Structure formats: C-alpha cells, structure tokens
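Residues per chain, in single letters:
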Amino acid sequence: MRDRVFVATKVSGSHLGHDEVLKAAEASLRRLDISCIDLYQIHWPNSLVPIEETIRAMEALVDRGLVKYLGVSNFSTAELRSAQAAASKYPIVSNQVLYNLNRREIEGDLLPYCRENQVTVIAYTPLDSGRLAKPSAASSNPDATKVLELVAAQTQKTLAQVALNWCVFDQGVITIPKSDKTARVTENCAASGWRLSADQKALLDKAYSSSDDD
Ligand SMILES: NC(=O)c1ccc[n+]([C@@H]2O[C@H](COP(=O)([O-])OP(=O)(O)OC[C@H]3O[C@@H](n4cnc5c(N)ncnc54)[C@H](OP(=O)(O)O)[C@@H]3O)[C@@H](O)[C@H]2O)c1
C-alpha cells in the first residue's frame, strides 16, 4: 500500500550538520524499508548550525530521489523566512507546529505568514493531548467545553471531530492527531470532509479565546 500512504518523518534538531542530515535520512529509509520519504522535516531549529548547510543537505536528498518534499517543524516566522531564503532549488512546503483550540499562539503572526506564502501548517497536538476530547464534566475548562459539546450536538460529530475540524476551517492547515486505537483513528479521519458553519467557528473562537487551560 506504499502508493496510498504519505510518509513524513523528521531529522532531529541535533543532527543538522550536512553529513548528519544525509546519514539520518538514509537510516530512516532503511528502517522504514522504503525508497523515498514523501516529506522530510527539520524537527527543531538549531542556531548552532547554519540553516544554509542543513538546507543544502536536504536539497541534495531531493536531487538524489530519496525525499520528495522539504518541511520544517517548530520554526518561528523569522526562522521560516531564513529557511526559505536558504532553499534555492526546492520550496519549504510545511511547518509542523503546536496548534489547537487551547493553543492558538500561531494565529498572531506565523499562521498568516504561512497562508500568504503557501506553506502548509501541520498542526501537532491538535487535541491538546486528548484534553479537547474530554466531556465538560471531566474537563479542566468546563465552560469552553460546554460550547464544544453544543457544536458537537449541532453537527452530530464527536468532540474530537469538532476540535480537529476547527483547526482545518481555513485553508492551509492539516492536523496529525495521534491515537493507537483503530476506532479513534477512524473517528479522527471523519473530522474532515465537512465544515463548521461560520457561526459555529466564531462561537468556538470566542469560547476558547480566554481559555487558560494548561
Ligand atoms: N513536531 C513536534 O515537535 C511534535 C511535538 C509533539 C507532538 N508531535 C506529533 O503530533 C502528533 C499528535 O500529537 P500528540 O500525541 O501530542 O497529541 P494529540 O494528538 O492532541 O492527542 C493525543 C491523545 O489524544 C487521545 N485521542 C486521540 N484521538 C482521540 C479521540 N478521538 N477521542 C479521545 N481521545 C483521543 C490519544 O489517546 P489514545 O492514543 O489512547 O487514543 C492521546 O492520548 C503525534 O504524531 C506527535 O508525534 C510533534
């Protein structure tokens, strides 16, 4: 089923020297037993290694047919700009960052920048480590969760599905929820293919804007 699967992996922020990147990618390919990684991402920025050196190695991987697309993770807007400036042959297609109803820091600067520059935001921890899937009775933020429950009832979706769909409401964001349970993976897959109404989106934005859930 290789042709039906999009394989994304990352190189550690502590292995960003030119040869280290090549070695890490080759080791990932061996462990995954595949011939090409669809998306290869820099896990964390590392100010000790010039980004030009890292990107040169990443681009060499594309030249060699070992990687299809280049991405970054946990890059600020400034760091993303530097990576883009260093990438002369292939674009940086994605930035994998923390984003969910409780953690909306990227909305200020990074998210608009990514949208304007066709960089897909890959929202990690989109369920806030499962907190957003808990009912209000078990939530540490019951007032906001009651609004999530209301929208879930209106849309006939689960809390997790609404929380994930909220992330992808505007173009340019995808989510990578984690579950080791088949039923939840199926549930989470059904979080896309439909849309919240503008009113429902606004209701959730408001309910979670003053959230101090940790
Ligand atoms: N780039 C980075 O630096 C970075 C950092 C952190 C995370 N990530 C990536 O982001 C992905 C997801 O993030 P995450 O694991 O931190 O948090 P998450 O996806 O927000 O939450 C995962 C938790 O939610 C539970 N869950 C999943 N679906 C559910 C559902 N439908 N109903 C109820 N509970 C549900 C899971 O439990 P069960 O497994 O028991 O179902 C798990 O405890 C991972 O693949 C991770 O590798 C990347």
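Higher on the page you've got the structure.
Residues numbered from 1 in each chain as written. Predicted model: local features only at pLDDT ≥ 70, side-chain atom pairs only at ≥ 80, totals over all residues. Heavy atoms only, no water.

**Student:** What is the right way to look at the overall build of the chain in this model?
**Tutor:** Looking only at helices and strands, one finds eight helices and six strands in the chain. Tracing the chain from N to C terminus, the helices and strands come up as β-α-β-α-β-α-β-α-β-α-α-β-α-α. In terms of C-alpha radius of gyration, the chain reaches 19 Å, essentially the compact-globule figure of 17 Å for 214 residues. Dimensions of the chain, computed from C-alpha atoms along their principal axes, come out at roughly 50 × 40 × 25 Å. Here the chain holds 214 residues, and the buried ones make up 47% of them. A separation of at least 24 residues holds for 75% of the contacts in the chain among residues at least 6 apart in sequence. As displayed, the chain offers around 11,300 Å² of accessible surface, 52% of which is attributable to carbon and sulfur atoms. Side-chain charges in the chain split into 24 positive and 26 negative, and the spacing between the mean points of these groups amounts to 5 Å. (Helix = DSSP H or I, 4+ residues; strand = E, 2+ residues; numbered from the N terminus. Rg over C-alpha atoms; globule rule 2.2 N^0.38 Å. Buried < 20%, exposed > 50% of the residue type's maximum accessible area, 1.4 Å probe, protein only. Contact = heavy atoms within 4.5 Å. Areas by Shrake-Rupley, 256 points an atom, 1.4 Å probe, with all protein chains shown as cover. Lys, Arg positive; Asp, Glu negative; His and termini not counted. Charge placed at Lys NZ, Arg CZ, Asp CG, Glu CD.)

**Student:** Sorry, what's going on with the sheet that holds strand β6 (residues 173-175) here?
**Tutor:** For sheets, the rule is that strands pair by backbone hydrogen bonds, running either parallel or antiparallel. Read from one edge to the other, the open sheet built from six strands follows the order β1-β2-β3-β4-β5-β6, with strand pairing classed as parallel. Edge positions in the open sheet fall to β1 (8-11) and β6, since each of these has one partner strand only. The sheet shows a mean angle of 30° between the axes of neighbouring strands, direction not considered. As defined by bridge partners, β1 adjoins strand β2 (residues 37-42) across four bridges and the pair is classed as parallel. (Pairing = 2+ DSSP bridges. Axes fitted to C-alpha atoms, helices over the stretch in contact; angles between N-to-C directions.)

**Student:** Sorry if this is basic, but what is going on with the packing of helix α1 (residues 18-32) against helix α2 (residues 51-63) here?
**Tutor:** Working note: a packed helix pair is described by the angle between its axes plus the distance between those axes. Where α1 meets α2, the closest approach of the two axes is 8 Å, and the angle between their N-to-C directions is 35°. Read as a crossing pair, α1 and α2 show a hand that is right-handed. Here His 18, Val 21, Leu 22 and Ala 25 of α1 lie close against α2, whose contacting residues are Glu 53, Thr 54, Arg 56, Ala 57, Met 58, Ala 60 and Leu 61. A class-by-class count of the residues in the contact of α1 with α2 yields seven nonpolar, two polar and two charged. (Left-handed = near helix turned anticlockwise from the far one by under 90°. Nonpolar A, V, L, I, M, F, W, Y, C, P; charged D, E, K, R; others polar.)

**Student:** I'm lost on the environment of Ser 35 in this one. Help?
**Tutor:** By secondary structure assignment, the location of Ser 35 is in the loop between α1 and β2. When the C-alpha atoms of Ser 35 and Val 67 are compared, they prove to be 8.7 Å apart, with 32 residues separating the residues in sequence. Beyond its immediate chain neighbours, meaning those up to four positions away, Ser 35 contacts Leu 29, Gly 65 and Leu 66.

**Student:** Looking at this structure, I do not really get the site of the ligand. What am I missing?
**Tutor:** Near the ligand lie 24 residues; those nearest to it are Leu 127, Lys 178, Ser 179, Lys 181 and Arg 184. The contact in question runs from a nitrogen atom of the ligand to an N or O atom on the side chain of Gln 96, over 2.9 Å. Separating an oxygen atom of the ligand from a backbone N or O atom of Leu 127 is a distance of 2.7 Å. In the complex, the protein chains occlude 76% of the 910 Å² of accessible area that the ligand would expose alone. Examining the composition of the shell around the ligand, we find that three residues originate from one element, helix α7 (residues 182-189), more than from any other. Residues belonging to the shell around the ligand are distributed by class as follows: eight nonpolar, nine polar and seven charged. (Near = heavy atom within 4 Å. Polar contact = N/O pair within 3.5 Å; in protein donor to acceptor, adjacent residues only side chain to side chain.)

**Student:** For this particular structure, what's the right way to read the pairing of strand β3 (residues 67-73)?
**Tutor:** A regular strand places its side chains so that they alternate between the two faces of the sheet. For β3, a buried count of five out of seven residues is recorded, marking the element as mostly surrounded by other parts of the structure. Alignment of β2 against β3, held across five bridges, turns out to be parallel. Paired with Tyr 40 across the bridge in β3 is Leu 70. Between the parallel elements β2 and β3, the chain passes through α2 in a crossover that is right-handed. Traced from β3 through helix α3 (residues 77-86) to strand β4 (residues 92-98), the parallel crossover comes out right-handed. (Right-handed = clockwise from strand over helix to strand, strands pointing away.)

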